[in-house]
Amino acid sequence: MTARVPAVRTAGGLVWRVREGKLQVQLIHRPRYDDWSWPKGKLEPGESHQAAGAREVAEETSKAVVLGVPLPSMRYRMPDGRWKTVTYWAARRARTVDDFAALTARPPVVPASPTEIDRVRWLDADEAAKRLTRRTDRKPLAALVEEFAQGRLATHVVVIARHGRAVARATWPGDEETRPLTPIGHAHAAALVPVLASYGVTRVVSSRWERCSSTVAPYVQATRLRPWYSDHLTEADHERSPGRVAATVRSLLESSSSTVLCTHRPVLPTVLDVLGQHSRRSVADALPSGDPFLEPGELLVAHVARTPKGPRVVAAEHVVPPLS
């Protein structure tokens, strides 16, 4: 029997800006292939697609970026017969003041050498479509242009995190407030850091209970952010007053800060209900609809745009950070 060869997994981004009302994007030129394409590259062992995308764009454009809405992925067969997948996001240049905390949580990036990338150019979107060497690279560009036309490109994220794996209730002699994470739970917490950093998360909101506060602790330590711990997001307070949880989620949607909110499985139905109320129909229909909604350590990344009618969730991603 022939062994199945794993696909080559890569990630990258379409870096965008607006100049005089026109959408512009950044292309790179690779002298080895003499082609114009999007910045992208292979995932490193144990690396998430999000962290790889942000890292590769930073390496190939020499500027840090923050990931935005997801764009169509690509899948094609390489000359050696292996399949290659490319996951893309819209990406904006990191703004030092707003994004500094998230950037401090990322490892240092070494810019690509001139032999790998010799030119980086900003082009109007229509000119970029002509300049791209591969016709298939126009697919994510077309999606980016549509998001811009619909006012869905400038976004912030509200990341919903379920705390990492905790010690079983039946085996913990203490109370619910102090029930801690297991070693796997601590691994879940560490795995969140590069994912949250890639989305530029600069605000941390969490249930006060131990298993949630410990889940966000590695990101808090890496970014030096001051977290907000809330009793409203605990299981006990949610049971008494789910309306307070709903109000917290609405306030995060209305804010312009990219935020992670860490809470418990019984609280998630209320959180998701608020997200659904503020989502496009296609996004609302795709949100998790059955218990447990998220497994321990998993994320739901809601991309939020400002509209004349208020905040609108224009895209959502279910993320399972890889454990190293």
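Structure's up top.
Every value quoted in this text rests on a predicted model; they were computed, and no experiment measured them.

Trainee: Got a sec to walk through the nonpolar core? Specific residues and values, please.
Mentor: Counting residues in each nonpolar core, the largest one holds 34 residues, and the members touching the most others are V159, L196, Y199, V201, Y219 and L299. Broken down by element, the residue count for this core peaks at five residues, all from helix 5 (residues 183-198). The contact partners of V159, leaving out residues within four places of it in the chain, are L196, V201, T259, V260, L261, L299, L300 and V301.

Trainee: Lay out the state of the cysteines with the relevant residues and their values.
Mentor: Evaluated as defined, the whole model comprises zero disulfides. No disulfide involves C212; its nearest neighbouring cysteine sulfur is the one of C262, lying 3.6 Å away.

Trainee: Tell me about the environment of E44, residues and numbers included.
Mentor: On the secondary structure map, E44 appears in the loop between strand 4 (40-42) and helix 1 (49-61). Taking the C-alpha atoms as reference, E44 lies 9.2 Å from R9; in sequence the two are 35 residues apart.

Trainee: A description of helix 6 (residues 210-223) should follow, citing residues and the corresponding values.
Mentor: Compared with an ideal rise of 1.5 Å per residue, which puts 14 residues at 20 Å, helix 6 spans 20 Å between its outermost C-alpha atoms and is within 8% of the ideal. A bend of about 40° at A217 is the largest found in helix 6, and the proline P218 appears one to four places after it. For helix 6, the full list of buried residues reads R211, C212, S213, S214, T215, V216, Y219, V220 and T223. The inward-facing, buried residues of helix 6 contact helix 2 (96-104), helix 5, strand 9 (203-207), strand 10 (228-230), helix 7 (235-240) and strand 11 (259-263). With its phi angle positive at about 65°, R224 sits one or two positions after the end of helix 6.

What counts, and where the lines are drawn
Residues numbered from 1 in each chain as written. Predicted model: local features only at pLDDT ≥ 70, side-chain atom pairs only at ≥ 80, totals over all residues. Heavy atoms only, no water. Core = buried A, V, L, I, M, F, W, Y, C linked by side-chain atoms within 4.5 Å. Buried < 20%, exposed > 50% of the residue type's maximum accessible area, 1.4 Å probe, protein only. Helix = DSSP H or I, 4+ residues; strand = E, 2+ residues; numbered from the N terminus. Contact = heavy atoms within 4.5 Å. Disulfide = S-S within 2.5 Å. Expected span 1.5 Å × (residues − 1). Bend = angle between axes of the 7 residues up to and from the residue.

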